[in-house]
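# Chains, contacts and geometry: an overview
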Amino acid sequence: IETTIPAQSREIWNKHKVQKFNTADEFQERFISHVEWTLARSLYNCDDLAAYQATSQSVRDNLVIDWNKTQQRQTARDPKRVYYLSLEFLMGRALDNALINMRTDTDVRDVGDTDETLTKGNTSREMIKNAMNELGFKLEDILDEEPDAALGNGGLGRLAACFVDSMATGNYPAWGYGLRYQYGIFAQKIINGYQVETPDYWLNFTNPWEIERAEIQVPINFYGYVDRGQNEKSTLEPSDWIGGERVLAVPYDMPIPGFKTSTVNNLRLWSAKPTTEFDFKKFNNGDYKNSVEEQQRAESITAVLYPNDNFLQGKELRLKQQYFWCAASLHDIVRRFKKGKRAWSEFPDAIAIQINDTHPTLAIVELQRILVDLEKLDWHEAWKIVTSTFAFTNHTVMQEALEKWPISLLGRLLPRHLEIIYDINWFFLQDVEKKFPHDMDLLSRVSVIEESSQERQVRMAYLAIIGSHKVNGVAELHSDLIKTTIFKDFVKIYGSNKFTNVTNGITPRRWLKQANPKLAQLISETINDPEDNYLLDMSKLTQLSKYAEDEKFQKKWNDVKQFNKQRLADLIKKLNNGVDIIERDHIRNTLFDIQVKRIHEYKRQQMNIFGVIHRYLTMKELLQSGASIEEVVKKYPRKVSIFGGKSAPGYYMAKLIIKLINSVADVVNNDKEIQDLLKVYFIPDYNVSKAEIITPASDLSEHISTAGTEASGTSNMKFVMNGGLIIGTVDGANVEITREIGEDNIFLFGNLAENVDELRYKHQFHNEGVPASLAKVLDAMQNGAFSPQNHSEFMPLIDSIKSHGDYYLVSDDFEAYISTQELVDQVYHKDKKEWLKKSILSVANIGFFSSDRCIEEYADTIWNAEPVKPE
Ligand code: 7GP
């Protein structure tokens, strides 16, 4: 590896080589120096926040040593590199994860410094916990000081976070590229039952996990024009784009430690800042203030994450974000490639770029521009390189989420890129015409340019398919669906080999070990794996099967669940102004029924709350007809329905669903007659760190999307991995979860994806009304049972079902939903042993859904990349 340090200076560098802290004592020394030097504080004014900062700085020091070694190793061995481009990384907190993944040199020495066995499960974390105690701090409190890095909306962003964890753990030479938003997803407040958004200024207290690389500044241009020269060159030839606005992209690096490996990978997030170039015209006109203000606007590009999940909001600033990030990342990737002095034709052998949905599609165009305009490659030679480099993951089939950008906007912001898009499309359509002559319909259906709408638009998904060598969906059902619906024509054109499936996964380090330490401990004891190797090979969990009916083991299993339910009850109490929702004594025999995810009509939280209303009304009827409480409990045993999730700020129906949940909670929770047989609670501001408390506490979780709409779902995997059972529709990864854990261990119901079109057609043209059970619910709502001040408050929800075609098929699935819920009650309350058996068998067979498996599949079948193991 090259260096500018003269050879004779090396000795001094080596003599002062930085060292990790390896013992509690060394950690404490490091901690105190960060308190004093980094924070300029002392023993007299070190609060929990300062302790969090100093701990993180200390842990980061250790990670940085391995980070540097990892980068050096990767430079020296020069393997094929993987770049994961995602506009969202929903990381959550970093410290606890780092403590679990970090390895001190002692960890390595303890087990003889071999790469296979490596460290004991808890060594560093336990050591630091004790060391913190001696310093006068409680680790739990310190961990709680960290704000979530909430740079994502939901599933897509959290998937990217699990992926970087697994890529580091699998020793892949892989970087994530994203944006360093100053404001992550908004913080949700619930005021009078309504969602209110407040800004999430997460960088308030400086972020100890980021390393600013101020020395790297990539200039990014926008607007301007293309200089075609005197004799009007072809657009296929190298062209000059004269940008009209320029900003700088500065990277902030976040170390991503692997588990039981010293590999520490990089997540590089770009931040926008003004150039130091100065508009002299303005200055000379005495317009100094305006000239500064204009520069300041540069920063707005990375100011805020767009808060939409599964929905396109076609804003100019969003397109600017996308290009800013794609151009900066590509520049970085190309710069690194050029250092290797290899031929351009080898680019795809050196680099794989995965694009997380269509948000990074401009990277495809940008690479073509770099190769043609700047590196002067022939168009076709360049295009071959581009298409062999990129691969595209689709995350949704929903029309409203498919990205399309108006030609006028794209052409104004990125004039040269629009030309390139036209040319890409032109060559593509030539090929299609050759294969399927005279099929004008096909040509217009697959054209990257949509001509039918009032304004011509660029269809980003089509561009992504054309510019990639592989396209994948995120669960089997979803990958099949995209081939038969939204991308059908492309299967015809390219053949089906270009389309593949990689079923999503989640990292068991965060979602089992970190979120559920009690269960992790019980597992490692039971399968005799004190070093937690099962977290790397989740097939080891199948050993749990033999204890599924073992009464002693069942009791331990149940105790863990009880502990986690208590922990969630404590959190809810805190959020609920210190008031308990469920009496402590009743927690054990109360079924915790949880639905936490973004609020969306397709995810059908409305069906869940309708189900709660139905249960409430029926309980009331029973009581009014003279039934005793004991008789009611028999049919409807104790249950708490817990909801959580954010709505996009502009999504009226989703916000109304939140209001309905809170209004129902108001009525039900205060109904003396019902006692605490039924409770409803909406957890405000659902996020990753709350999910770590919520997920382990479920008895039952709900994954009840209209069949064919939820591409995969990943919280379904998290809940099962934590011993919760699922009530769900035959959708997304639920299908494969059923296959893995067995259909006896999941409560499936509802219509199948293949029947959805037919059912929708029926609603539209032969409206048969709603079933009686649902009518009862909707009537109560309409009569103001949950909105006494305003009977029509929830009319839009009622109308969407009764008068507007019930697009999400609530009326078609409602009865099956209700009866399946009753089945759940019966198993939970009448046959606890059976329930525990199902729970244990589920965990035993959930191994497939580790994101490690998922990343291995990407590496083998899409990236053709190999791990680079530390010596
Ligand atoms: C989500 C899907 O809705 C979810 O089913 C899937 O598990 C997750 O991606 C990860 O693959 N999609 C999004 O979050 C999203 O915004 C549109 O997709 C771009």
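The residue numbering used here restarts from 1 in each chain and proceeds along that chain's sequence as written. It should be noted that, the model being predicted, local features are given only for residues of pLDDT at least 70 and side-chain atom pairs only at 80 or more, the latter also being counted only at that level, while totals for whole chains, interfaces and linings use all residues.

## Some points on the packing of helix 2 (residues 24–38) against helix 3 (residues 48–77)
- Where helix 2 meets helix 3, the axes come as close as 8 Å, and the angle between the chain directions of the two elements is 120°. When the axes of helix 2 and helix 3 are compared, the pair comes out oblique. Once helix 2 is placed against helix 3, the crossing between them reads as right-handed. In contact with Phe27, Arg30, Phe31, His34, Val35 and Thr38 of helix 2, helix 3 contributes Ala50, Ala54, Thr55, Gln57, Ser58 and Asp61. Lines fitted to C-alpha atoms define the axes, with helix axes restricted to the stretch in contact, and inter-axis angles between N-to-C directions lie between 0 and 180 degrees. Helical segments are the DSSP runs of H or I of at least four residues, strand segments are the runs of E of at least two, and each set is numbered from the N terminus. Throughout, the term roughly parallel applies to angles under 35 degrees, roughly antiparallel to angles over 145, roughly perpendicular to angles from 65 to 115, and oblique to all others. Crossing handedness follows the turn of the near helix against the far one: under a right angle anticlockwise gives a left-handed crossing, and clockwise gives a right-handed one. Contacts are defined on C-beta atoms placed from the backbone: any two residues whose C-beta positions lie within 7 Å are in contact.

## Concerning the site of the ligand
- Around the ligand, the structure places 18 residues, and the nearest of them are Gly155, Leu156, His395, Ala711 and Ser712.
- Lys, Arg, Asp and Glu make up the charged group, whereas Ala, Val, Leu, Ile, Met, Phe, Trp, Tyr, Cys and Pro make up the nonpolar group; the residues left over, Gly among them, are polar. Looking at the shell around the ligand, its residues break down into five nonpolar, 10 polar and three charged.
- Segmentation of the chain into domains, including their bounds, is taken from an automatic or database domain assignment. Mapping the shell around the ligand onto the domain boundaries places at least three of its residues in each of domain 2 (151–177 + 210–504 + 856–863) and domain 3 (589–828). The rule is simple: place the C-beta atom from the backbone, and if it lies within 6 Å of a molecule or strand, the residue is near it.

## Considering the nonpolar core
- In plain words, the nonpolar core is the set of buried Ala, Val, Leu, Ile, Met, Phe, Trp, Tyr and Cys residues that C-beta atoms within 7 Å link up. Neighbour density around each residue's C-beta defines its exposure: 20 or more other C-beta atoms within 10 Å make it buried, 12 or fewer make it exposed, and counts between make it partly exposed, where C-beta atoms are placed from the backbone. Ranked by size, the top nonpolar core spans 235 residues in total, and within it Phe324, Ile661 and Val664 carry the most contacts.
- In this structure, Ile661 is in contact with Ile609, Phe643, Val680 and Phe682, ignoring residues within four places of it in sequence.

## Re the sheet that holds strand 25 (residues 747–749)
- Any two strands are treated as partners once DSSP identifies two or more bridges connecting them. Taken in spatial order, the six strands of this open sheet run 22-21-20-23-24-25, and their pairing is parallel. The open sheet has two edge strands, strand 22 (678–683) and strand 25, and neither has a second partner. Averaged over all adjacent pairs, the angle separating strand axes in this sheet is 20°, with direction ignored.
- Here helix 29 (residues 734–741) sits on the sheet and contacts strand 23 (700–703), strand 24 (725–729) and strand 25; the angle it forms with strand 24, its principal contact strand, is near 135°.

## Some remarks on the domain arrangement of the chain
- For the chain, the assigned domains are domain 1 (20–77 + 95–145), domain 2 (151–177 + 210–504 + 856–863) and domain 3 (589–828).
- The centre of domain 1, based on its C-alpha atoms, is set 37 Å off from the matching centre of domain 2.
- At the level of elements, helix 3 and helix 4 (95–101) are the ones that each hand at least two residues to the side of domain 1 that touches domain 2.
- The dominant element in the side of domain 1 that touches domain 2, judged by the number of residues it contributes, is helix 3, at eight residues.
- For the side of domain 1 that touches domain 2, the class distribution of residues is six nonpolar, four polar and four charged.

## Some words on the packing of helix 23 (residues 551–575) against helix 34 (residues 832–844)
- Relative orientation of the contacting elements helix 23 and helix 34 amounts to 80°, with a least axis distance of 10 Å. With respect to helix 34, the axis of helix 23 lies roughly perpendicular. Where helix 23 abuts helix 34, its residues Gln554, Trp557 and Asn558 lie against Lys833, Leu836, Ser839 and Ile840.
- Looking at the contact of helix 23 with helix 34 residue by residue, the classes come out as three nonpolar, three polar and one charged.

## Focus on the confidence of the model for the chain
- Of all residues in the chain, 97% attain a pLDDT of 70 or more, and the chain-wide mean is 95.
- Confidence drops under a pLDDT of 50 for residues 110–121, and excluding neighbours within four residues, the segment shows 24 contacts in the predicted structure.
- Interface confidence for the predicted complex, expressed as ipTM, amounts to 0.99; the pTM equals 0.97. What pLDDT expresses is the predictor's confidence in each residue, scored from 0 to 100.

## With respect to the sheet that holds strand 15 (residues 404–406)
- Read from one edge of the open sheet, three strands run 15-17-16, paired in antiparallel fashion. The open sheet has two edge strands with one neighbour each: strand 15 and strand 16 (449–450).
- As judged from the three bridges shared by strand 15 and strand 17 (residues 457–459), these two strands associate in the antiparallel manner. Looking at strand 17, one finds that Trp405 is bridged to Val458.

## Observations regarding the environment of Thr23
- Assignment of secondary structure puts Thr23 in the loop between helix 1 (10–15) and helix 2.
- Distance from Thr23 to Ile128, taken between C-alpha atoms, is 8.6 Å for residues 105 residues apart in sequence.

## Things to note about unusual backbone geometry
- One non-glycine residue with positive phi stands out, namely His438, at about 65°.
- By secondary structure assignment, the location of His438 is in the loop between helix 16 (415–435) and helix 17 (440–446).
- Positive phi is not limited to glycine here, since Asp685 has a value of about 55°.
- Its place among the elements puts Asp685 in the loop between strand 22 and helix 27 (688–694).

## A few points about the environment of Arg297
- In this structure, Arg297 sits in the loop between helix 10 (288–296) and helix 11 (316–339).
- You can call Arg297 partly exposed: it has 13 C-beta atoms within 10 Å.
- Considered as a pair, Arg297 and Pro274 are 23 residues apart in the sequence and their alpha carbons are 7.7 Å apart.

## Quick look at the pairing of strand 20 (residues 591–596)
- With five of six residues buried, strand 20 lies mostly within the body of the structure.
- Here six bridges tie strand 20 to strand 21 (residues 639–644), and the two strands are oriented parallel to one another. Looking at the pairing, Phe592 lines up with Val640 of strand 21.
- Relative to strand 23, strand 20 runs parallel, the two being bridged by two bridges.

## Section: helix 2
- The end-to-end C-alpha distance of helix 2 is 20 Å, a good match for the 21 Å that 15 residues give at a rise of 1.5 Å each.
- For helix 2, the complete set of buried residues consists of Phe27, Arg30, Phe31, His34 and Val35. The buried residues of helix 2 occupy an angular sector of 140° when the element is viewed end-on, so they sit on one face. The outward face of helix 2, more than 90 degrees from its buried face, is lined by the exposed residues Asp25 and Trp37.
- If you follow the buried residues of helix 2, they end up packed against helix 3 and helix 6 (123–135).
- Remark: Ala40 follows helix 2 within two positions and exhibits a positive phi of approximately 50°. Here the expected length of a helix is defined as 1.5 Å per residue gap, with one fewer gap than residues. The directions from the helix axis to the C-beta atoms are what the arc is built from.

## Topic: the pairing of strand 5 (residues 187–191)
- Two strands pair when backbone bridges link them, and strand 5 and strand 6 (residues 194–198) are joined in this way by five bridges, in the antiparallel orientation. By the bridge assignment, Ile191 is partnered in strand 6 with Tyr194.

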